[in-house]
Amino acid sequence: MALPLSRLASLTLTSTLLLPSLPLPRIHRPFLIRRLHCLSSLRAMSSVAGKTTAPYGSWKSPITADVVSGADKRLGGFAIAGDGRLVWIESRPEEKGRAVLVKEAEKSEDKPQDLIPESFAARTLAQEYGGGAFAIKDNVIIFSNYKDQRLYKDSIGGLSPEPITPDYGEPLIHYADGVFDPHFNRYISIMEDGRESSLNPITTIASIPLSNNSDIQEPKKLIGGKDFYAFPRVDPSGKRMAWIEWSHPNMPWDKSQLWVGYFSENGEISKRICVAGGDPAIVESPTEPKWSSNGELFFITDRKSGFWNIYKWIEHKNEVAPIYSLNAEFTRPLWVFGINSFDFLEKNGLNRIICSYRQNGRSYVGVLDYETGSFSPLDIPFSDVSNIISGNDYFFVEGASSTQPLSIAKVTLDEKLSEIKEFSVVWSSSPNLTKYKPYFSLPEIIEFPTEISGQNAYAYFYPPSNSDFQSPSDEKPPLLLKTHGGPTGEARGVLDLNVQYWTSRGWAFVDVNYGGSTGYGREYRERLLGQWGVVDVNDSCSCAKFLVDNGKVDGERLCITGRSAGGYTTLASLAFRDVFKAGASLYGVADLSLLKAETHKFESHYIDNLVGNEKDCFDKSPINSVDKFSCPVILFQGLDDKVVPPDQARKIYKALKEKGVPVALVEYEGEQHGFRKAENIKFTLEQQMMFFARLVGRFEVADHIDPIKIDNFD
């Protein structure tokens, strides 16, 4: 999936006022430099064979930061309404990141319908990362409102949501991953109660009555006692409920348990059975329980093989059996609620499962006959798939590819549920990207050796690409290496304008799946246990050196960037290695001990397994090795971030500034863990580009950008 290296052009930048119609983010020593001075003499531009020859990094691209920020819509889950049409949550950067419930239009030529008033936003803060913020039954929708975190009920199209949970004066209780329980006329949900401690809230599975009167009652606890719960799922008969639970110090992908509880006549859990995860001799992390229409329980676990595969519970024996075994991942880590990796197809007496799996950096979709164990692949234009939900002979799939942005497609199958009759895109995060196709860079999956003999790691490499430009023949491109967040996460190799912004300007870009990443099974995932700050750093450096050794990039212009946990890997790479020349940390971790003390409950013991004891935390914290930093760093931080609090960025900024390292810090009011506002997404992207260009680039940026003040440089 590689393209030949393309080339680029340069313009002189003259600054004007910064973001005249947008609020200015907080910048330390916040004055603007009125003109960017060249760090080296520029080669003269020339035109060859219809392309302009100019230095890498200086090419003019129509994929501007405005285009990127405007196209950065996110999905927050989807479901099928009673009439068969799709309902989803989309976050809109142009509306300050507001999460809106939207319904598919009845006719393809019509616009989708917003389902909530402008004063509402459908987003939960459960476990900070949210997910599972709404559920639908027939024509009724229940959702979590962002501002007060209460649950609201409304008829689809009613635009008059009414609260069904109490008002506690502050948004201290969060709800997520809820389901309707029509047998007892109630809504069952994960409830995170922070009234006693916002840093250590009590998590339970609770029921909320759905009476038609206006009397709002306190939620009633059904299940409690463990640190965390997810996936409460009621069977079609209303007699049983399945759920997932786990406790500190485990994350849900380390060890968890699947339980089934039996309802009494009054709707309480009268007895319960551990289905999976209870045998100490078997290490597994079951997830995604789901009942078929005839009351059979299916779920996903990684027992024995170390890969998440689909299993079935044999109730009368209390045993589990694999449905289809493959060295591939049929789900992903439970960072957010509401993951939906498989669903049931039922038509003409046929009972099937529609599912996807991930193997060797690519997703595959197919139909699984769970009676025979046979799998029939379906050819769809997505190489990356996240969620799937089904109707009778059709399903909706959330996916993307190297040429297709994040989208939702409706796929209709034939009478035998084995072949595709129709494929149509219902929603796209960036529907108007066709005009930018000549500027796209296609990723190449690369496998490179690590510092451990016999172990390899993986990455997606994007060469520079721009149909209008080429580079001088004697030049290699600068490289921006991205370290993904998590760190239990995965780079996915899909069309992302945040990547194309760089490559269309003449940068090479590589997205690394270092040891510890998901998508490659438990053994690969557990390379990071006790080794965070070592394996991820080594693999990132090995990847950069691999590209240099293979003549793909300029070894003197290697830059690194990362968000959250990726920000930690960025800072650790700059502190403990001398491979990169500059770095950008977006809400990254600088002090592991401080993170452990201040972060939210979900991740409060995460680094126990990833890092080790207090001495390990001290030794692996970049803040304690400031004397080893020698190259420039730019930091970006949301001031409302509860996952990686602002003190992390402020401490490393102050220490680097005092040490004399070129450094800049940008803080955003009203932003949490991840930037959602269009103006902040734009500003962050442009200032990273300008920072790298000024300090290591040896080129002028073609875009008209006012650079911020860099301490110890300007």
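A. Layout of the layout of surface pockets. Its boundaries defined by the atoms lining it, the second largest pocket holds a volume of some 400 Å³. A105, S108, D110, P112 and V426 are, among the 20 residues lining the second largest pocket, the residues nearest its centre. Elements represented by at least two residues in the lining of the second largest pocket include exactly β5 (86–92) and β31 (420–428). It is β31 that contributes the most residues to the lining of the second largest pocket, five residues altogether. Here the lining of the second largest pocket is built from residues that sort into eight nonpolar, three polar and nine charged.

B. Structural detail: unusual backbone geometry. The peptide bond linking H248 to P249 adopts the cis configuration, its omega dihedral lying at 5°. By secondary structure assignment, the location of P249 is in the loop between β17 (240–246) and β18 (257–263). Following G486, the chain continues into P487 via a peptide bond in cis, with omega recorded as 5°. In this structure, P487 sits in the loop between β35 (479–483) and α2 (497–503). Even without being glycine, S564 reaches a positive phi, approximately 60°. In this structure, Y587 takes a positive phi of about 40° despite not being glycine. Counting through the fold element by element, Y587 comes out in the loop between β38 (582–586) and α6 (592–598).

C. Focus on the environment of G519. Along the chain, G519 falls in the loop between β36 (508–513) and α3 (522–525). Distance in space between the C-alpha atoms of G519 and L345 is 25 Å, their sequence separation being 174 residues. Residue contacts for G519: discarding those within four places in its chain leaves E329, R358 and E490.

D. Molecular detail of the confidence of the model for the protein. With 93% of its residues at a pLDDT of 70 or more, the protein shows a mean pLDDT of 91. Contacts of residues 1–24 to residues separated by more than four positions or lying in other chains number 95 contacts, the stretch itself having pLDDT below 50. Overall, residues 27–44 carries pLDDT values under 50, and its contacts beyond four positions in sequence, including any with other chains, amount to 49 contacts.

E. Representation of the packing of aromatic side chains. If you walk through the whole model with that rule in mind, you get 41 aromatic pairs. Ring geometry for Y501 and W502: centres 6.0 Å apart, planes at 85°, overall edge-to-face. Of the two residues examined, Y501 and W502, each falls in the buried class. The structure contains a cluster of three or more aromatic residues connected by ring pairs, namely Y129, F228, W246, W253, W335, F602 and Y606. A cation over an aromatic ring shows up here: R362 above the ring of Y364, its NZ or CZ 5.0 Å from the ring centre.

F. Focus on the side chain of E192. Relative to the helices and strands, E192 resides in strand β13 (residues 186–193). Polar contacts involving the side chain of E192 include one to the main-chain amide nitrogen of Q127, which spans 3.0 Å. Those residues in contact with E192 that lie beyond four places of it in its chain are L125, A126, Q127, L172, I173, H174, P201, I202 and T203.

G. Local environment of the packing of helix α4 (residues 535–549) against helix α5 (residues 565–576). In contact at an axis separation of 9 Å, α4 and α5 are set at 70° when each is read in the N-to-C sense. When the axes of α4 and α5 are compared, the pair comes out roughly perpendicular. Residues D536, V537 and S540 of α4 lie in contact with α5, whose contacting residues are Y568, T569, A572 and S573. The residue inventory of the contact of α4 with α5, partitioned by class, reads three nonpolar, three polar and one charged.

What counts as what
Residues numbered from 1 in each chain as written. Predicted model: local features only at pLDDT ≥ 70, side-chain atom pairs only at ≥ 80, totals over all residues. Heavy atoms only, no water. 1 Å grid on protein atoms, 1.4 Å probe; cavity = no way out; pocket = protein on both sides within 12 Å on 5 of 7 lines; lining within 4 Å. Points joined across faces, edges and corners; volume = space filled by probe spheres on them. Helix = DSSP H or I, 4+ residues; strand = E, 2+ residues; numbered from the N terminus. Nonpolar A, V, L, I, M, F, W, Y, C, P; charged D, E, K, R; others polar. Contact = heavy atoms within 4.5 Å. pLDDT = per-residue confidence, 0-100. Phe/Tyr/Trp six-rings, centres within 6.5 Å; stacked < 30°, edge-to-face > 60°. Buried < 20%, exposed > 50% of the residue type's maximum accessible area, 1.4 Å probe, protein only. Lys NZ or Arg CZ within 6 Å of the ring centre and 35° of its normal. Polar contact = N/O pair within 3.5 Å; in protein donor to acceptor, adjacent residues only side chain to side chain. Axes fitted to C-alpha atoms, helices over the stretch in contact; angles between N-to-C directions. Parallel < 35°, antiparallel > 145°, perpendicular 65-115°, else oblique.

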